[in-house]
Structures are given as C-alpha cells and as structure tokens.
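Survey of secondary and tertiary structure
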Amino acid sequence: FSKKYSKKKNSDYIVCAGNHRDIATFINAAEKLNRIKSIVIAGESDRKDWEEYNNNKIEILFNQPYGKYQEIISHAIALIIPIKKNSPIRSLGLIAAFEATYLEVPIIASDTFHLKDYFNSNDIYFYFSENVDSLLDTIHFVVSDSEHVFKKTMNAFEKTKIRYNKDIFLKNLYSICT
C-alpha cells in the first residue's frame, strides 16, 4: 500500500487498462466526452484492431512497463474496466482493480461477474456491460460528484487493506494446504 505515486491535483483523463477489455465500448463512450481525455493501456492481442485508431482525445498504448502502467493509473480521474458479458474468464480485471484501489483511484467496471466476488456497489461503480450510454452516464457521475466518489474510493481502499492483504492471503493459503 505504498504511496509511490502521488495523486495529481487536476487530472484530465480516464484510463481503460488491461488485456481482453471491451475497448470498443470504452472508445465509443470516450469519443462523446467533451473535456475529458482518455488513455487505453491495451495488450499485444489488441494491437491489430487498434493500432491504426486515431483520435486526438484518445491515446492507445500497448504493453506498457509495470511502472508506467501504475503511473498512468495513479493520475487518472477514474479507471474503467470494460468487460463483455461473455468475456473469457481469463480476464477478471483484478490486477487493474487492485492497482487502482491501492492508488485510491475510483473504479468503473462492467456489471459482469468478474469483480463482484471482491467489490460491490459500495466500493466501485458498475455500468451495464457493452452499453455505451450506461458507461457514459457513470463516467459523468464520477466526474461530477467528488464527495460521493471519494467516499466510495476510500471504502474500496479500506476493504482491500483489511481483506486482501499479504497476511490474510498467507493465512488462507496455509489453511488450504493443511
């Protein structure tokens, strides 16, 4: 839970990070945002579909080093985790969600099963998967209601510190092994 990256005061972008994301829904919503820029941190498998995409408000990066990945998330207004309804189980969004939680960045995620074992609507924001308007409405809410967003972000942070720390992990692992 280190504070290696300090929160930038006036962030002007949202970020979609991770492999196997529903980038199309994110891009369609991001194109409709007025003053908010967007960054997509995609995997190599997304390159063929998105490498030629060009929009001056949306930057798409591929295979970023871990430190750069953390830095981008740490300065974002919010982390978006768009996952399709029938997405592969392999992509849960957990790494990105925990990174954002540790960095105290609000999370907006598809209302799929992927994160619901770890977070609920008291911790993160959910939108209807594959629904551009729902994602757009949720982004607008997160950008406009800083007090509510701060409380929810702190709920996620405190919950993560208590339930998903190294000591609890090791205790559970020991319990399974014995």
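In the block above lies the structure referred to throughout.
A short tour of the structure in this document, coming up. Everything numeric here is computed off the predicted structure, so don't read it as measured data.

1. Examining the sheet that holds strand S3 (residues 58–62)
Pairing is parallel across the open sheet formed by six strands, whose spatial order is S3-S2-S1-S4-S5-S6. At either margin of the open sheet sits one strand with a lone partner, and together these are S3 and strand S6 (125–127). Neighbouring strand axes in the sheet, compared pairwise and without regard to direction, differ in orientation by 20° on average. Helix H3 (residues 66–74) rests against strand S1 (13–17), strand S2 (37–42), S3 and strand S4 (79–81) of the sheet, and its axis sits at about 140° to S1.

2. Notes on the environment of Ile 162
Structurally, Ile 162 is set in helix H6 (residues 146–163). When the C-alpha positions of Ile 162 and Ala 42 are compared, they lie 30 Å apart, and in sequence the two are 120 residues distant.

3. Digging into the packing of aromatic side chains
Inspection of every chain in the model, using the stated rule, returns eight aromatic pairs. With 6.4 Å between their ring centres and 20° between their planes, Tyr 66 and Tyr 69 make a pair best called stacked. Separated by three residues within a single helix, Tyr 66 and Tyr 69 lie in helix H3, roughly one turn from each other. Overall, Tyr 66 belongs to the partly exposed group, its relative accessible area being 49%. Look at Phe 98 and Tyr 118: their rings are 6.0 Å apart centre to centre, the planes differ by 85°, and that puts the pair in the edge-to-face class.

About the thresholds
- Residues numbered from 1 in each chain as written.
- Predicted model: local features only at pLDDT ≥ 70, side-chain atom pairs only at ≥ 80, totals over all residues.
- Heavy atoms only, no water.
- Pairing = 2+ DSSP bridges.
- Helix = DSSP H or I, 4+ residues; strand = E, 2+ residues; numbered from the N terminus.
- Axes fitted to C-alpha atoms, helices over the stretch in contact; angles between N-to-C directions.
- Contact = heavy atoms within 4.5 Å.
- Phe/Tyr/Trp six-rings, centres within 6.5 Å; stacked < 30°, edge-to-face > 60°.
- Buried < 20%, exposed > 50% of the residue type's maximum accessible area, 1.4 Å probe, protein only.

Shape descriptors only; they carry no functional weight alone.
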